[in-house]
Amino acid sequence: MTDQYPVKLLIGTDYPIIEKIRCAERLFHIYGMELLSDKEFQSLFNTYRKAIQRSWLQAEMIGLVAECTDCAINDGGSCCGKGIEDRFDVILLLINLLMGCSLPKSPWDETGCWFLGERGCMIPARHVICVNYICKRLYSSLEKNGLRLLQGKVVSETNAGFACEESIKKWLRNKGL
Ligand code: SF4
Ligand code: SF4
């Protein structure tokens, strides 16, 4: 089946986001099912999903999600600025598709990140710069021990994400891409 649909993998981040999204969608269309049923990948993928969930739970518990949602709705979510989407590569976009998330074809807010929606970030697998970012508002309003616990979970998330990305790259290389 794969030979019928050749695809050129855009390597790196130096392409317009819409081209990277199209490439990720093409890869998802061609290889998504096969990749999701690969035992080695499945295990890394599940670890990553769980790590993301744990970070979110912790972020919710300490009030970070509420704070950021309020900021996004009432203050424009100033940390999610236009251009951050350019840090994403095709593999990370593909992971979001594999997680069941569709990627927008245009930004909701022209001045914001491509993945910013009305209520904040719309994608589960975010770039390391997104998951690591704690702004002054959060530092001053959230309890420090909760933030420390969150940082531990964020490290697990980014490590799991990295392992997942590397696994996909290897998998695609084995397909000749
Ligand atoms: S990290 Fe800070 S600037 Fe960004 S959405 Fe949250 S509160 Fe707002
Ligand atoms: S990917 Fe999400 S968290 Fe990162 S800058 Fe864009 S909207 Fe914000």
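Placed above this text is the structure.
Analysis parameters
- Within each chain, residue numbers correspond to sequence positions counted from 1 in written order.
- Here every chain gets a letter starting at A, and every ligand a number starting at 1, in the order they are written.
- In keeping with the predicted nature of the model, local features appear solely for residues at pLDDT of at least 70, side-chain atom pairs appear and are counted solely at 80 or more, and the whole-chain, interface and lining totals rest on all residues.
- Runs of E in the DSSP output that reach at least two residues are strands. Runs of H or I that reach at least four are helices, and both are numbered from the N terminus.
- Atoms counted for the radius of gyration: C-alpha only. Globule rule: 2.2 Å times the number of residues to the power 0.38.
- Around each residue's C-beta, the other C-beta atoms within 10 Å are counted; 20 or more make the residue buried, 12 or fewer make it exposed, and counts in between make it partly exposed. All C-beta atoms are placed from the backbone.
- Contact criterion: two residues are in contact if their C-beta atoms, reconstructed from the backbone, are within 7 Å.
- Should the C-beta atom of a residue, placed from the backbone, lie within 6 Å of a molecule or strand, that residue is near it.
- In the scheme used here, Gly and all other residues not listed as nonpolar or charged are polar, with Ala, Val, Leu, Ile, Met, Phe, Trp, Tyr, Cys and Pro taken as nonpolar and Asp, Glu, Lys and Arg as charged.
- For this analysis, nonpolar core means a set of buried Ala, Val, Leu, Ile, Met, Phe, Trp, Tyr and Cys residues linked through C-beta atoms within 7 Å.
- For helices, the fitted axis covers only the stretch in contact; all axes are lines through C-alpha atoms, and the angles between them, taken along N-to-C directions, range from 0 to 180 degrees.
- Just so you know how the angles are binned, under 35 degrees is roughly parallel, over 145 roughly antiparallel, 65 to 115 roughly perpendicular, and the rest oblique.
- By convention the crossing between two helices is left-handed if the near helix lies anticlockwise of the far one by an angle smaller than a right angle, and right-handed if it lies clockwise.

*Asks:* A description of the overall build of the protein should follow, citing residues and the corresponding values.
*Replies:* What the protein contains, in helices and strands, is seven helices and two strands. Taken over the C-alpha trace, the protein has a radius of gyration of 17 Å; the compact-globule value for 177 residues is 16 Å, and the two agree within 12%. Each of the three principal axes of the protein carries a C-alpha extent, and together these read 55 × 35 × 20 Å. A total of 177 residues make up the protein; the buried ones form 29% of that total. Of the contacts made within the protein by residues no fewer than 6 positions apart, 81% connect residues no fewer than 24 positions apart.

*Asks:* Explain the site of ligand 2 to me, and be specific about the residues and the numbers.
*Replies:* All residues adjacent to ligand 2 are Cys80, Ile84, Cys113, Phe115, Leu116, Cys121, Ile123, Arg126, His127 and Cys130. Each residue belonging to the shell around ligand 2 can be placed in one class, and the counts come to eight nonpolar, one polar and one charged.

*Asks:* If you had to explain the nonpolar core to someone new, which residues and values would you point to?
*Replies:* Core analysis: the biggest nonpolar cluster contains 31 residues, and Ala24, Val90, Leu93, Leu94 and Ile95 have the highest contact counts within it. Elements represented by at least two residues in this core include exactly helix 1 (17-36), helix 2 (39-61), helix 4 (90-98) and helix 7 (144-174). Val90 has contacts with Leu9, Leu10, Lys20, Cys23 and Ala24, leaving out every residue within four places of it along the chain.

*Asks:* Residue-level account of the packing of helix 1 against helix 4, with values.
*Replies:* To describe two helices that pack against each other, one gives the angle between their axes and the distance between the axes. It is at 8 Å that the axes of helix 1 and helix 4 come closest, and there the two elements cross at 55°. In terms of axis orientation, helix 1 runs oblique to helix 4. When the axes of helix 1 and helix 4 are compared, the crossing they make is right-handed. Within the contact between the two elements, helix 1 uses Lys20, Ile21, Cys23, Ala24, Glu25, Leu27, Phe28, Gly32, Leu35 and Leu36 and helix 4 uses Val90, Leu93, Leu94, Leu97 and Leu98. Counted by class, the contact of helix 1 with helix 4 contains 12 nonpolar, one polar and two charged residues.

*Asks:* Please provide a residue-by-residue account of the packing of helix 2 against helix 7, values included.
*Replies:* Remark: helix 2 packs on helix 7, axes separated minimally by 8 Å, with the N-to-C direction vectors making an angle of 155°. Compared by their axis directions, helix 2 and helix 7 come out roughly antiparallel. Handedness of the helix 2/helix 7 crossing: left-handed. Considered class by class, the residues forming the contact of helix 2 with helix 7 number 15 nonpolar, seven polar and four charged.

*Asks:* I'd like to hear about the environment of Cys79, residue by residue, with values.
*Replies:* Of note, Cys79 is situated in the loop between helix 3 (64-75) and helix 4. Residues Cys79 and Cys135 lie 56 residues apart in sequence; the distance between their C-alpha atoms is 7.8 Å. Among residues more than four places away in sequence, those in contact with Cys79 are Tyr133 and Cys135.

*Asks:* Help me get a handle on helix 4, residues and values and all.
*Replies:* Of all nine residues in helix 4, eight are buried; the element is thus mostly enclosed. Considered for burial, the residues of helix 4 that qualify are Val90, Ile91, Leu92, Leu93, Leu94, Ile95, Asn96 and Leu98. Looking at the packing, one finds that the buried side of helix 4 touches helix 1, helix 2 and helix 7. Following helix 4 by one or two positions, Gly100 has its phi on the positive side, about 90°.

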